[in-house]
Amino acid sequence: MRARPAGAGTVNQSISISSRRVAALAACVVAGVAAAVASVSSISLVPPAIEPLALEIAGATSTVVVDRPRPLVADRLATDGDYQTLQKRAVLLANLVTSAPVLERIGRRAGVDPDEIAASTRVTANVQSVLTDPNSEKRASDIRDARRRYRIEVQPDPTLPSFTVFARAPTIAAAEALANSAVAGLHDYRVALARREHADPAQAVRLEQVGTARGAIINGGAKVVIAGFSGLCGFAAAGLALLTAARLRRRGRAGTRPPGGGPREAPARSGPPPQAAVVPARLRPAGERGVAAALADWPHTTRVLPWLVALFMAMIWLVPFNVIELSVSLPIDLPLDRLVLPFIVGAWVLALAAGDPSGPRIRVTWIHLALAAMVVVACASLVIEARSLSQTLEFDTSVKKLTLLASYLSLFVVVASVVRRSEVPAFLTYTLALAVLCALGTIWEYRFKYNVFYSLSDQVLPGIFHVGAAEAAALDNAGRRVVRGPAELSLETVAMLAMGLPIALVGLVHAVRARARIGYGICAALLVAGAVATYRKSAFVAPISVFLTLAYFRRRELVRLAPLGVVMVVMIPMLAPGAVGSVAAQLSGSRLQVDTVSDRTSDYDAVRPDVWSHLMLGRGYGSYEHTSYRTLDMELLRQLVDVGVLGLAAYLLVIGAVVAVARAPIRARGSLEATVALSAAAAAVAFLVVSTLFDVMSFPHSPYIFLSIAALLAVVSAPAERPRR
Amino acid sequence: MTEVVSVLRVLARRRIAIAAGAIAAVAAGLALAGELPLGPAVAVPRPSAVASARVLVDTHRSMVGDLNGGTEAIGEQATLLAELLADDAQVASIAWVAGVASASLDVRVAARPSAGTPGTLASKIVEATATSGRPYVVTVEPYPSVSIIAIETRAPDVGTATRLARATSGVLAQLVAARAPARWRSLVAEPLGTVRSLEIAGSSRRGPLLGFVAAFVLFALWCCALVVATGLGRLWRATPVAP
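Residues numbered from 1 in each chain as written. Chains lettered and ligands numbered in written order. Predicted model: local features only at pLDDT ≥ 70, side-chain atom pairs only at ≥ 80, totals over all residues.

1. Considerations on the overall build of chain B
Counting secondary structure elements, chain B contains seven helices and six strands. Moving toward the C terminus, one meets the helices and strands of chain B in the order α-α-β-α-α-β-α-β-β-α-β-β-α. (Helix = DSSP H or I, 4+ residues; strand = E, 2+ residues; numbered from the N terminus.)

See the structure below:
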C-alpha cells in the first residue's frame, strides 16, 4: 500500500467542499426551474404530464353613440338640454348592457354561457369616490365574478351621449365577438321590448356602433414575468434553506455559535475608537493623513458611502421626491428616490464586492430577520396568487409595489452596514436637524401659504425633472387647509415629524448641560408645532404615542420633560396660531362624524370578503389598488388584505423587532445604545400608530425614515465585528 | 474615497479583462453611431411622412363672424362627429378617396381622459389597442371647447399622408351633410388652412454623442460586473457547506 502524499487530505477535502457547493448551486437552480415551470403549467402526477396554462388575456373595445331617430349630431338647432337628456339615456343604456336579460342575449350571440360572463357598468359621473367605493356585498360579488373567463365593462361618457364597451376573453377573436355582441344584444333587447309594448319604432333611440370592435392581447409577456418571478423566488428560497441548514449543522457540530453570526450574540462594547481616530489627523504625516481621513467618523471622513447615505436622508426629509419624476416617457414610474437609490445601492455593492476593510459590513440582527420575513411572505403571496392576479391584470401592479418594498429594505440594509457604531450619534443629530428643517418649512407653509420644499425642488432641479404641484392654500373635503410640507399628504408629514420627535425628547432627557436641554426643548416644540400646523387630528395622536412610549421606558426621568410642557404652551400658538384650537375642535364628539372618520370605520366591513377569501397570505402583495377598489385609510388593513394574516404578522413583527431589540439597550441608561434604542423604540410605536391612521407604506417618506432610524438601532445592537482577514 | 481605491485596486488586477471590455464597448459605440457596418445602424431605414389638417365645425352663418352663429351644443357635436369618423363606412370612404386599401388604414380617435383609470381593464385595453401596425394611420382629435377637429395622418410618403388628411377632411364634410336633418339646419365642416405635411428622415444613424455615451455606459457596467464577480467569487469560497 502506497503512503498517502502529504497534503492529499486537504486537497481531497477542498475538492469535496467545492463539489458540494456546486451541488448546492445546482439544487437551487433546479428548485428555481421547477418553481418557474409550476407557475405557468398544470402538472399532473398520474399520468405524469405537464400542460402549459393559457395565461394570456385578450381585450376588445367598441364605442356606441346614442342619438335620436332624426340625428342631432349635425343639427344646428340642437341644444345643450337635448344632449344632457341623451347623455342620461346613454347612461341608462350602458347600465342595461350589464343587466341579466341583455347578458343572456349577448351570451347567445357570442356563443358563451351567460353565467361565464361577469359584467359591470362604471360610474363615471362626477361624484365623490367615497360614494362609489365598493362595500362588502359588492366586493363579495366582484370576487365571485373575478373567476369568470369573460368580462364586459361598460363605461358611459360623463358628458356625451355615448358609451364604450370593454370586453375581456381568452382570445382576441372571442373578445371582439363579445364586444360586438354587447351592442347587438342590447339592440335585440330593445327590439323585443318595443315589440312587447307595441312601441313606435320611429321613436326608438338610435344606437350606432362606431366600427367593429378592436381587440388585442392585454397582458402580453405575463407568462415570462410570472415564470421569471417564481423561478427567482424558488432559487432564493432553496438557497436560503440550504444556507440555513448548513449553518445549523455547523453550529450543531461546533457546539457553539459561530462568531459574529447570531443575532443573540452580546452587543459589542463601545470600545476605544480606531487608532487613526485617536491621534488628530492634522498631527499626522501627510501620507497617513488620507488614511486617517478615511478611517475617521462621518462627517470627518472621506468615505463615499456615509456621505451618500447622508445625502439620501436629506432627500427623504426635505424633498417631495415621490412627486418628482423624469419628464421623459418611460414604461415604468420612476420617482426621484427610485432614480437615486440604485446608484447608492450600486456603490454599496461595489464597495462590498471590492472587500474594502473600511467598507460596509453586514451584521445580521433580529430587525434584519423580521424584514426578511416580511419579504418572504410578500413574495410567497405573489407566487401563490400569480395566476389569479394575472387574470385580473394586477400582477404588474404588485411587482411595482414589491420594487418599492425592495427600495425600503435596501435603504435599511445599506444604512445598517455603512454607518459605524461611533457614527451613530452624528447621524442621529443629523436626523434631528433634518426633522427640524422639515418642521420649520411646514410651519412656514402654514403661515405664509408657500410650500418651500416643492418650490425649491422645482427651482433647483434641472428641467428634465417634473415636480408635482402643491397648492398651499388648497382645502380638503372636510374644509381643512392642506399643509403637506415635503410630503404628498399632510398625514405623511405628521408621521415624519412624529418619528423625529423622540430624538429631541430623548436628547432632552439625557442632556446634562442646560444649553443642550434648551436646544432639544426648542427642537421638540418645533416638531410638535410643525405637526399641528397640518391641521390633522393625527397631529395630536402620533406625538402622544411618542410621549407615552418614553413615559413607559423612562418613568423616573419624566419629570425632566415637565419644562417642555411650558415651552410648548408658549411656542406652539406663536409658531402656528390657531392650529391647536382647530385640531382640538376636530376631536370634539360632535365633529367626529365626518367623512374621514366614517370612511375608516366602513373599511372594516368592506374588506371582509377579501380577507376571508384569502385569509393566510392575502390576495397578493400590493394588489389592492385604491383606484380599482376603495381607499383603505389604515395600513394594517391593507396588509391584511394584501398579504393576509401572515403578512400582517410579519409587518407587526418588524415594528415589534425594533422595540424588542431596543429593550435591552434602553435598560443601560445613559449609554449611546440607550439613546439610540429609546429613539428607535418610540419611532417604531409612532410608526405603528400612524399605520392605523393611513396607508403609510404607500407614501415612502415615512417607511424610509422609520427604517433609517431602525438601521441606526441595528448598528448599535449588532453583534461584535470580527477583524477582517 | 477608500471605497473607490479598493474598487480600482480590484480592477487593476483584471487589466486584460478591462482591456477586452474597453475594446468591445468602443466597438459597440461605433456600431451604434453608424461608423461600423454592424448592429441596428445598418438596418434599411423605413421612410415615413406625416400630415396634419384642422377642421372647424361651424354653422352656415359662421360663428366666427356672427354672434348669432353656432349652436349651444356645437362642442359635443364636433366630438361626436370625430368619433363617427372611426366607423367602418367612413374608414372605407377615406381609404377610397385617398387611394389606399381599406384594410391597411387605421382611423382612431385620440383617447379622452375619461378612457379609464390607470391599471383597470378599460385602460389596459385602450393601451393595448392603441397601435395596429397598419401602414396608414389617421388620428382625429376633437377640441370640444372650440369645435375644432385636428387630423393627423401618417403614411410611408408625403403624397399619401397629404391625400389621407384631405380625404378625412372631405369625408367629415360629407358626414356632416349626410346627418343633417335639412340643409338649412345643417352644420358645416370647414378646413382651416391647407394640409401641412412633413417627411420624417428614416435614418437609423444615432450620431457620435450617443455612440460615446453607449460605449462609456457599457464600459462602466463591464467594470462593475468585474468587481461584483470578484466579490461573488470570494463569497462562493466563504459560503459554509455542511460537512
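There's more to say after this.
2. A word on the overall build of chain A
Counting its regular elements, chain A contains 25 helices and nine strands. The contacts of chain A with a sequence gap of at least 6 include a subset with a gap of at least 24, amounting to 77%. (Contact = placed C-beta atoms within 7 Å.)

3. A word on the packing of helix H14 (residues 424-448) of chain A against helix H16 (residues 490-510) of chain A
All names here are of chain A. Two elements in contact, H14 and H16, have axes whose closest approach is 9 Å; the angle formed by their N-to-C orientations is 135°. For the element pair H14 / H16, the angle class is oblique. In terms of crossing hand, the pair formed by H14 and H16 is left-handed. The residues of H16 that touch H14, namely those facing Leu 428, Thr 431, Leu 432, Ala 435, Cys 438, Ala 439 and Thr 442, are Thr 493, Met 496, Leu 497, Gly 500, Ile 503 and Ala 504. Per-class residue counts for the contact of H14 with H16 are nine nonpolar, four polar and no charged. (Axes fitted to C-alpha atoms, helices over the stretch in contact; angles between N-to-C directions. Parallel < 35°, antiparallel > 145°, perpendicular 65-115°, else oblique. Left-handed = near helix turned anticlockwise from the far one by under 90°. Nonpolar A, V, L, I, M, F, W, Y, C, P; charged D, E, K, R; others polar.)

4. Details of the nonpolar core
With 173 residues, the main nonpolar core has Leu 527, Val 658, Ala 680, Ala 681, Leu 712 and Leu 713 of chain A as its most contacted residues. If you tally residues by element for this core, the top one is helix H23 (residues 635-667) of chain A, at 16 residues. Apart from the residues lying within four places of it in its own chain, the contact partners of Val 658 of chain A are Ile 367, Ala 680, Ala 681, Ala 684, Ala 710 and Leu 713 of chain A. Counting residues in each nonpolar core, the second largest holds 90 residues, with Ile 172 and Val 183 of chain A together with Ala 161 and Val 176 of chain B among its members. (Core = buried A, V, L, I, M, F, W, Y, C linked by C-beta atoms within 7 Å. Buried ≥ 20, exposed ≤ 12 C-beta atoms within 10 Å, placed from the backbone.)

5. Some remarks on the environment of Val 107 of chain B
Residue and element names in this part refer to chain B. In this structure, Val 107 sits in strand S2 (residues 105-109). Look at Val 107 and you get buried, because 25 C-beta atoms sit within 10 Å. Considering only alpha carbons, one finds Val 107 and Val 91, 16 residues apart in sequence, at a separation of 6.5 Å. Val 107 has contacts with Leu 85, Ala 86, Val 91, Ile 94 and Val 138, leaving out every residue within four places of it along the chain.

6. What to know about the sheet that holds strand S3 (residues 58-67) of chain A
Pairing within the open sheet is mixed, and its five strands lie in the order S4-S5-S6-S3-S7 (chain A). The open sheet has two edge strands, strand S4 (117-121) and strand S7 (206-217) of chain A, and neither has a second partner. On average, adjacent strands in this sheet sit at an angle of 15° to one another, irrespective of strand direction. Two strands pair when backbone bridges link them, and S4 of chain A and strand S5 (residues 150-156) of chain A are joined in this way by five bridges, in the parallel orientation. Paired with Ile 117 of chain A across the bridge in S5 of chain A is Tyr 150 of chain A. Seen against the sheet, helix H5 (residues 121-128) of chain B touches S3, S5, strand S6 (162-169) and S7 of chain A and runs at an angle of roughly 100° to S3 of chain A. (Pairing = 2+ DSSP bridges.)

7. Examining the environment of Thr 168 of chain B
All names here are of chain B. Looking at the secondary structure, you find Thr 168 in helix H6 (residues 158-179). Under the C-beta neighbour-count criterion, Thr 168 is labelled buried, with 29 such atoms within 10 Å. Between the C-alpha atoms of Thr 168 and Val 107, which are 61 residues apart in sequence, the distance is 9.3 Å. Dropping the residues within four chain positions of it, Thr 168 is found in contact with Leu 85, Ile 94, Val 138, Val 140, Ile 151 and Thr 153.

8. Some points on helix H4 (residues 88-98) of chain B
An α-helical turn contains 3.6 residues, so a residue and the one three or four places further along point in the same direction. Those residues of H4 of chain B that fall on the buried side of the exposure criterion are Gln 90, Val 91, Ile 94, Ala 95 and Ala 98 of chain B. Seen from one end, H4 of chain B has its buried residues packed into an arc of 135°, which puts them on one side. In this structure, the buried residues of H4 of chain B make contact with S7 of chain A together with helix H3 (74-84), S2, strand S3 (136-143) and H6 of chain B. One or two steps after H4 of chain B, the chain reaches Gly 99 of chain B, where phi turns positive at roughly 80°. (Arc of directions from axis to C-beta.)

9. Observations regarding the confidence of the model for chain B
Residue and element names in this part refer to chain B. Here chain B averages 85 in pLDDT, while 86% of its residues score no lower than 70. For chain B, the element scoring lowest by mean pLDDT is H5, at 86; H4 scores highest, at 94. Reported for the predicted complex are a pTM of 0.86 and an ipTM of 0.84. (pLDDT = per-residue confidence, 0-100.)

10. Here we look at the environment of Arg 638 of chain A
All names here are of chain A. Following the sequence through the fold, Arg 638 ends up in helix H23. Taking the C-beta count within 10 Å as the criterion, Arg 638 has 27 such neighbours and is therefore assigned buried. For the pair Arg 638 and Leu 501, spaced 137 residues apart in the sequence, the C-alpha separation amounts to 26 Å. If we ignore the near neighbours within four places in the chain, the residues touching Arg 638 are Tyr 624, Leu 632 and Asp 695.

11. Focus: the packing of helix H13 (residues 395-418) of chain A against helix H25 (residues 701-717) of chain A
All names here are of chain A. For the pair H13 and H25, interaxial distance at closest approach is 8 Å and the crossing angle is 30°. Classified by the angle between their axes, H13 and H25 sit roughly parallel to one another. Relative to H25, H13 is oriented so that their crossing is right-handed. Of H25, the residues touching H13 (which contributes Tyr 408, Leu 411, Phe 412, Val 415 and Ala 416) are Pro 703, Tyr 704, Leu 707, Ser 708, Ala 710, Ala 711, Leu 712, Ala 714 and Val 715. Classifying every residue of the contact of H13 with H25 by side-chain character gives 13 nonpolar, one polar and no charged.

12. Observations regarding unusual backbone geometry
Each neighbour pair has its own omega, and for Trp 298 of chain A with Pro 299 of chain A the value is 10°, a cis peptide bond. As for its position among the elements, Pro 299 of chain A is in the loop between helix H9 (286-295) and helix H10 (304-318).

13. Things to note about the confidence of the model for chain A
Residues and elements named next belong to chain A. Looking at chain A, pLDDT values average 86 and 89% of them are 70 or higher. Between the elements of chain A, mean pLDDT differs from a low of 41, seen in helix H8 (residues 275-278), to a high of 96, seen in H10. Predicted confidence for residues 257-262 stays below pLDDT 50, and this span has 12 contacts to residues more than four positions away or in other chains. Taken together, the stretch residues 264-284 has pLDDT below 50 and engages in 28 contacts with residues farther than four places along the chain or on a different chain.

14. Thoughts on the pairing of strand S1 (residues 41-44) of chain A
Within a regular beta strand, the side chains point alternately toward one face of the sheet and then the other, so they alternate between its two faces. Residue and element names in this part refer to chain A. As judged from the four bridges shared by S1 and strand S2 (residues 49-52), these two strands associate in the antiparallel manner. Bridge pairing in S2 places Ser 44 opposite Ala 49. Adjacent in sequence and paired antiparallel, S1 and S2 are bridged by four residues.

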